[in-house]
Amino acid sequence: MQSALVPAVIEMRGIGKVFDIGAMEVHVLSDIHLDIRRGEFVSIAGPSGCGKTTLLSLMGVLDIPTYGTFRFLGQSMSGLGRRARARLRNQHIGFVFQAFNLIGDMTVIENVELPLSFRDGMSRRERADRAASALADVGMAHRTRHYPDQLSGGQQQRVAVARALAGEPSILLADEPTGNLDLRNGETVMALLSRLHASGRTICMVTHDERFSSVADRTIRLLDGCIIDETTYRQRQREAEAGLDERRSTESFP
Amino acid sequence: MRSPVDGLPRAWRALWRPRCFLPLASLTLGIGLAAFTSALTMVESLLRTPPFVHHARIVMYGEEDRDPASRAASPMFYDAIGLPPGATSHGAAQVPESVNLRFGERVRLARAQRVDAGFLPTLGVPSVLPEDPSIAFERGIMLSHALWRDGFGADPHVVGRPVGVNGTAMIVRGVLPSDYRLLADIDLLIPLSAANMSRDSAANLIAVARLAPGVSGDSVTRQIRATLLASNLPQRPGCLCVPMYGTTPLDVVLTSNARPVVLIFFGCSLLVLAIAGMNLSNLMLTRALQRTQETCLTIAFGGLGWRPRLLPILDVVAISIGALVIGLPIARTLVIAVRPVVPESWLLSALPIDLHWRACAAAALASVTVAAMSTMLGSLRARPDQLLRMQFASGKTSLVGLAQRARRLLVLVQTTIATLLLVFGVATSSHMWRVMRISLGFEQTGASFVEINPDANQFPQIDDVRRATDIIRVEAMSEPGVDSAGLSTWLPVSRGFFMPFRLPNGKVSYLQYGLISPGAMESMGINLIAGRPIGAGDLATTPPVAVVNQAYLDRVDSRGIGGWVTPASPHGENRPMRIVGVVADTRLAGAEQAVLPAVFLPFSQVDTDVYAFVRRFAPTFVIVRGSGQEAVAAQDLQKLVRRAAPGLATGHRQSFRQLARQATAQTRRNAALAAVFAGMALALACIGLYAVQSLEVTSGLRDIALRDALGATPMDQLGRLLSRGLGMAMPGIALGLVAAIILERNLAHPAVETGSIDVGVVAAVALLVMVAALTAVALPSLRAAVVRPASILRNEGTHS
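This one's a predicted model, so the numbers in the text were calculated from it and none came from an experiment. (Residues numbered from 1 in each chain as written. Chains lettered and ligands numbered in written order. Predicted model: local features only at pLDDT ≥ 70, side-chain atom pairs only at ≥ 80, totals over all residues. Heavy atoms only, no water.)

Some thoughts on the overall build of chain B
Broken down by element type, chain B carries 26 helices and 22 strands. Taking all 800 residues of chain B together, the buried fraction comes to 55%. Restricting to contacts in chain B with at least 6 residues of sequence separation, those with at least 24 account for 82%. Only carbon and sulfur atoms are counted for the fraction: they give 61% of the accessible area of chain B, which is about 33600 Å². (Helix = DSSP H or I, 4+ residues; strand = E, 2+ residues; numbered from the N terminus. Buried < 20%, exposed > 50% of the residue type's maximum accessible area, 1.4 Å probe, protein only. Contact = heavy atoms within 4.5 Å. Areas by Shrake-Rupley, 256 points an atom, 1.4 Å probe, with all protein chains shown as cover.)

Overview of the packing of helix α2 (residues 21–48) of chain B against helix α8 (residues 258–290) of chain B
All names here are of chain B. At a minimum axis separation of 9 Å, α2 and α8 run at an interaxial angle of 165°. For the element pair α2 / α8, the angle class is roughly antiparallel. Judged by the twist between their axes, the crossing of α2 over α8 is left-handed. Taken together, the residues of the contact of α2 with α8 sort by class into 26 nonpolar, 4 polar and 2 charged. (Axes fitted to C-alpha atoms, helices over the stretch in contact; angles between N-to-C directions. Parallel < 35°, antiparallel > 145°, perpendicular 65-115°, else oblique. Left-handed = near helix turned anticlockwise from the far one by under 90°. Nonpolar A, V, L, I, M, F, W, Y, C, P; charged D, E, K, R; others polar.)

Things to note about the pattern of salt bridges
Considering all chains together, one arrives at 25 salt bridges over all chains under this definition. Taking the shortest distance from any N to any O, the salt bridge between K17 of chain A and D63 of chain A comes out at 3.3 Å. Remark: D63 of chain A occurs in the loop between α1 (52–59) and β4 (67–72) and K17 of chain A occurs in strand β1 (residues 8–21); sequence separation between them is 46 residues. Note on accessibility: K17 of chain A and D63 of chain A belong to one class, buried. Across the pair R559 of chain B and D557 of chain B runs a salt bridge, and its minimum N-O distance is 2.7 Å. (Salt bridge = Lys/Arg side-chain N within 4 Å of Asp/Glu carboxyl O.)

Quick look at the side chain of D116 of chain B
Residues and elements named next belong to chain B. Of note, D116 is situated in the loop between β5 (106–115) and α4 (119–123). It is R173 that comes nearest to the buried, bridge-free D116 among opposite-charge side chains, at 9.4 Å. Side chain to side chain, D116 and Y78 meet in a polar contact 2.6 Å long. Beyond its immediate stretch of four places on either side in the chain, D116 contacts Y78, G91, A92, F137 and L192. (Lys, Arg positive; Asp, Glu negative; His and termini not counted. Polar contact = N/O pair within 3.5 Å; in protein donor to acceptor, adjacent residues only side chain to side chain.)

A look at the interface of chain A and chain B
Every contact between the two is made by 25 residues of chain A and, on the other side, 22 residues of chain B. For the pair chain A and chain B, the two sides together bury roughly 2200 Å², of which 55% comes from carbon and sulfur. In this structure, the salt-bridge partner of R82 of chain A is D708 of chain B, at a minimum N-O distance of 3.1 Å. Counting the contacts that link chain A with chain B gives 4 residue pairs in polar contact (both at pLDDT 80 or more). Listing elements by their share of the side of chain A that touches chain B, those giving two or more residues are β1, α1, α2 (82–92) and α3 (108–117) of chain A. Here the side of chain A that touches chain B takes 6 residues from α2 of chain A, the largest share from any one element. Looking at the side of chain A that touches chain B, its residues break down into 12 nonpolar, 6 polar and 7 charged. (Buried area = accessible area lost by both parts, 1.4 Å probe.)

Topic: empty space enclosed by the protein
Any empty space left between atoms is shown by rolling a water-sized probe over those atoms. Residue and element names in this part refer to chain B. Under the counting rule described, the total for this entry stands at 5 cavities of 30 Å³ or more. Considered as a void within the structure, the largest cavity measures approximately 180 Å³ in volume. Around the largest cavity, the lining comprises 16 residues; the ones closest to its centre are M42, F265, V338, L673 and F677. Elements supplying a minimum of two residues to the lining of the largest cavity: α2, α8, α10 (307–338) and α20 (665–699). Among the residues making up the lining of the largest cavity, the classes are represented as 14 nonpolar, 1 polar and 1 charged. (1 Å grid on protein atoms, 1.4 Å probe; cavity = no way out; pocket = protein on both sides within 12 Å on 5 of 7 lines; lining within 4 Å. Points joined across faces, edges and corners; volume = space filled by probe spheres on them.)

Re the packing of helix α5 (residues 153–166) of chain A against helix α6 (residues 183–198) of chain A
All names here are of chain A. Viewed as axis vectors pointing N to C, α5 and α6 meet at an angle of 20°, and their least axial separation amounts to 9 Å. Compared by their axis directions, α5 and α6 come out roughly parallel. Considering how the two elements wind past one another, α5 and α6 form a crossing that is right-handed. The residues of α6 that touch α5, namely those facing G154, Q157, R158, V161 and L165, are N185, T188, V189, L192 and L196. A class-by-class count of the residues in the contact of α5 with α6 yields 5 nonpolar, 4 polar and 1 charged.

Some details on the sheet that holds β1 of chain A
Residues and elements named next belong to chain A. Taken together, the 4 strands give an open sheet; going across it, the order is β2-β1-β4-β5, and neighbouring strands pair in antiparallel fashion. The open sheet has two edge strands, β2 (24–37) and β5 (75–76), and neither has a second partner. Relative to β2, β1 runs antiparallel, the two sharing 10 bridges. Paired with I15 across the strands is I32, a residue of β2. (Pairing = 2+ DSSP bridges.)

Let's talk about the pairing of strand β8 (residues 168–175) of chain B
Residues and elements named next belong to chain B. With respect to burial, β8 is a largely interior element, 6 of its 8 residues being buried. In terms of strand pairing, strand β6 (residues 140–143) meets β8 through 4 bridges, oriented parallel. For G140, the partnering residue across the bridge sits in β8 and is I171.

Quick notes on the confidence of the model for chain B
Residue and element names in this part refer to chain B. In this model, chain B carries a mean pLDDT of 80, and residues with pLDDT of at least 70 account for 86%. The least confident element of chain B, judged by mean pLDDT, is helix α26 (residues 796–799) at 41; the most confident is strand β17 (residues 545–549) at 92. A low-confidence stretch, residues 391–397 stays under pLDDT 50, and its non-local contacts, those more than four residues away or across chains, total 13 contacts. Predicted complex, confidence summary: ipTM 0.73, pTM 0.72. (pLDDT = per-residue confidence, 0-100.)

Some remarks on the sheet that holds strand β8 (residues 203–206) of chain A
As a general point, the strands of a sheet are linked pairwise by backbone hydrogen bonds and lie either parallel or antiparallel. Residue and element names in this part refer to chain A. The 6 strands lie next to each other as β6-β7-β8-β3-β9-β10, forming an open sheet whose pairing is mixed. Edge positions in the sheet fall to β6 (93–96) and β10 (226–232), since each of these pairs with one other strand and no more. On average, adjacent strands in this sheet sit at an angle of 20° to one another, irrespective of strand direction. Direction of pairing for strand β7 (residues 171–175) relative to β8: parallel, over a ladder of 4 bridges. Within the sheet, the bridge partner assigned to L173 lies in β8 and is C204. Packing of α2 onto the sheet brings it into contact with β6 and β7, and relative to β6 it is tilted by some 80°. Across the sheet, α6 touches β3 (41–45), β7 and β8, and the angle it forms with β8 is around 155°.

Here's the deal with the environment of E63 of chain B
Secondary-structure assignment places E63 of chain B in strand β1 (residues 58–64). Side-chain polar atoms of E63 of chain B contact the side chain of Y245 of chain B, separated by 3.3 Å.

Comments concerning unusual backbone geometry
One can expect most non-glycine residues to show negative phi and most peptide bonds to be in trans. The backbone phi angle of N101 of chain A is positive, close to 55°, even though this residue is not glycine. Examined against the element boundaries, N101 of chain A turns out to sit in the loop between β6 and α3. Judged by its relative accessible area of 1%, N101 of chain A is buried. One non-glycine residue, H54 of chain B, lies in the positive phi region at around 45°. Positionally, H54 of chain B belongs in the loop between α2 and β1.

Structure below.
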């Protein structure tokens, strides 16, 4: 459901990213044109090394594009300093990582409170309330005093999702959220993300798994740093009915 | 099977990964080694090896001196005892005096010591050149090695050459060894004959005896006291009681002053070395962790044996060599820097203090030992199968946590020690500042002096000396820029010369004694409190007068102007002198020493016999004071004396500023040494903190990147990292301060003159260590605070 009437959270025009590795330049992303609108669930798929995570880093203003125009919530990101980018991430972006990235010497509740602790003017009680609420949303309210190593992988990822949600972000960026999980836990996390999307969250997810990418409204396929294909859920449904989906997969990723 | 040699190239490459490891490890151990080696050199040079054969059997005998470890003998006592019972030989020497030495056309003021015929044989000191037995002892002199080398061009035929000593023809009898020294530097030994000996009971001789094997000093002491009780030796005024007589081993006499200070600083150097060792352990611990994966793989592939041990052994060898290369030059620089501030009385040898092969060998041994112990401490004590299970179970070993705790413990200990040493350094320095502010009682700027020796051959009568002093004073006053000039046998900062006086209560006491010419007090910049100074009108024919200091009024006789001072010398007539002036007190032996009562007499009124005695033991100084300049240039002053009194040699010109510095020399030396060791300890602790913070930050990069992703600003990150780094240092700082307060009494050794550890010192140290710790942890924290989170999180799979 991509409507021009719905405001874009992310707008990328001709974005490219080049890494200097010694004397060599590696063009990781080239000429990316992409919009993600409020309430959308977009998945990014592609083989290893195609630039998925780099694209997600650019969306999350963790990195700066080498060229092109990038607007977040209508505001240009060019020339934004580290501090301003950090503030933007804290207010508007939630991250979920493949390896959960919970801090081992913090309890579950402390991990969820962590991004809120970087906000000015938020009281300790408010932080605790919001963290508890986020944990309740992901079904982890009963494990607040536990440490990450006392949780299963699926539970850790649910805590990570709670941490991403605690700050009420404009967009949730998930990098292979099921990559370190078994099938059952992976499905649990995906169900959680679907539920969040259904409640109006904007989500962008990088995934290898075709089954999980199909949960998204729209799937963007990358190859060698370029977008080679973009399909909507309806398109995919039609193609599935016509038996074209198999062909698309083999053509896209030979 | 491959031999260990095959693994060497790879081990060599591993040594340089990371590149900073070897330089950092070598530097940290090198600093510790420099402190240890320089302190060991001091111990070796100042406490261990007097240059005399079987020195343990040599004793000094006589009555206890002002310095309790030393002894002095009066000529009467020396004659009465003769060869001490149980001794194989004995000898005596007077305190060194200045003489006019003429050889060829050259005349110089030389330091000479009168010794009797038994002195050198008792010490067991041979001549470097064969002595000529035909030269009578009374006519022969022994040159010091330095004078033979510098004054005679190390002429191998110098024995038999004629020289003039105070106008008397003498012959060079031999040359002393290059390391010969007994309590003071001298240029030559001249004969001490009965005629040279004073007739009174003043203890002005150094008497030494060589004991027969198996004879103890205590038994000799008992026999000396028994001899004294049986004799009718007249008692010296104010002091002679038999229990004060006895023997003291020469080794004790020579090392007693230096021992406490040198041992305290040697202890400090060991602490610095310990901190360096802990730093090294920390580095080795990290290295062992970095090699865990490799060790696991080696074990997994069945590569047990020499291979895992080769790399640490190579580390130990390379770090030891690196530390020696860095540490020994620093140690030598330290020794050279400390050399000028070592008091003369501490030196056992005439050779300059320098790194000895024994100290270097000890340094090499210490280097290898500390490196090996640090490697052992830093290596992870885990069984190979445990390592393997841990590595493959979770991708990392639980030893990481263990290593982190060990690192923090080492930081705690080294910060504690560094803080403790810093308290010592700051307390000593603050004491120095207090001492430097004490007024010495004389004006230091614009005045300078040279020593002269109006000897009895050139100036046989007191009138000759009076004429010479008058001419020198008038000549000096005619020099441009000179405001006042005078001669004195007394200087504001010096040990002083003491003579007996009869006190108003009838008792006799030794007081400081100075002969001065008109203009001398003004030249020395000593304030006149009341009355008048010694003037040109005070002549041999006018009533005798004296000037005293304030301490005389306070402690001897408060009558002041108009009062009378009565000498009690066995020489001369002891005519009472009327007090005509009172001058301000000046401190003699040091800024902190108590001011002693002093009596000043005019040259013109001194009795001939008294002067004959005084000039043998008290040097004479020409003092000039000029406005707008540091008095007269050295050459001008020497020319001036030569013009006034040809044949009179002059010593080196010194300014009163230099003289004043002597008053605080000991305090400044102690403060400098304490500051150097404290600085080294602090530097090493900072290196340790830096290394640990770097490791903590590097191992926590994923957390840092994550926080960045979650919206932490660089300032948030920096604040967190700095507070964690300071958190490591704070317990050590607190412990060090508490330990310093508890150990205050032990730290405040009188020999080192540590000031009190007050609130100011504690606050200053706390601030200093915190600033240093903050600086040490700031650099790695700053680097980490600006990492690119994207690049770290991209590799999260490998980081996890």
